[in-house]
Amino acid sequence: FPDGKSRGFCFIQFERKEAADECIAKAHGQELAGKKIEVTFHKNKEARYGDNLYVQGLPVGTDDAKLEAMFSEFG
């Protein structure tokens, strides 16, 4: 959305697959504002897995700043 608030999911692209792997290992199942989030590889149209992740289960009101704070440690 233009206001920067999450619709309950997001896509994150990392520069390296290893960073995406680490993010899944550490962030999948974590709680954010009382909701467990799911972090998995995103399957794009070419059916290629790699450095793109799909995150779902984000609480309403999650904005870009909260997402950056949560995932920036991974790259």
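Quick caveat: nothing in here was measured; it's all calculated off a predicted structure.

Asks: Would you mind showing me how to read the overall build of the protein chain here?
Replies: The secondary structure content of the protein chain amounts to 2 helices and 5 strands. The secondary structure elements of the protein chain, listed N-terminal to C-terminal, are β-α-β-β-β-β-α. Burial statistics for the protein chain: of 75 residues in total, 33% are counted as buried. In the protein chain, once contacts between residues fewer than 6 apart in sequence are set aside, the share between residues at least 24 apart is 56%. Accessible surface computed for the protein chain: about 5100 Å², of which carbon and sulfur atoms make up 49%.

Asks: Sorry if this is basic, but what is going on with the nonpolar core here?
Replies: Among the nonpolar cores identified, the biggest contains 17 residues, and F14, C23, I37, V39, V55, L58 and F71 are the most heavily contacted of them. Taken together, the elements giving at least two residues each to this core come down to strand 1 (9-13), helix 1 (17-27), strand 5 (52-56) and helix 2 (64-71). By residue number, the principal contributor to this core is helix 1, which donates 4 residues.

Asks: What should I look at first to understand helix 2 in this one?
Replies: Each α-helix turn comprises 3.6 residues. Residues three or four places apart therefore point the same way. Among the residues making up helix 2, those that are buried are L67, M70 and F71. Buried residues along helix 2 cover an arc of 80° about the axis, so they all sit on one side. Turned more than 90 degrees off the buried face of helix 2, the exposed positions are A65, E68 and A69. Residues of helix 2 that are buried in the fold lie against strand 1, helix 1, strand 2 (31-32), strand 4 (38-41) and strand 5.

Asks: Explain the environment of H28 to me, please; I cannot follow it from the model alone.
Replies: With respect to the helices and strands, H28 occurs in the loop between helix 1 and strand 2. What makes H28 partly exposed here is its relative accessible area of 41%. For the pair H28 and V39, spaced 11 residues apart in sequence, the C-alpha to C-alpha distance is 4.8 Å. Once residues within four sequence positions are removed from consideration, H28 is found in contact with C23, I37, E38 and V39.

What counts and what doesn't
- Residues numbered from 1 in each chain as written.
- Predicted model: local features only at pLDDT ≥ 70, side-chain atom pairs only at ≥ 80, totals over all residues.
- Heavy atoms only, no water.
- Helix = DSSP H or I, 4+ residues; strand = E, 2+ residues; numbered from the N terminus.
- Buried < 20%, exposed > 50% of the residue type's maximum accessible area, 1.4 Å probe, protein only.
- Contact = heavy atoms within 4.5 Å.
- Areas by Shrake-Rupley, 256 points an atom, 1.4 Å probe, with all protein chains shown as cover.
- Core = buried A, V, L, I, M, F, W, Y, C linked by side-chain atoms within 4.5 Å.
- Arc of directions from axis to C-beta.

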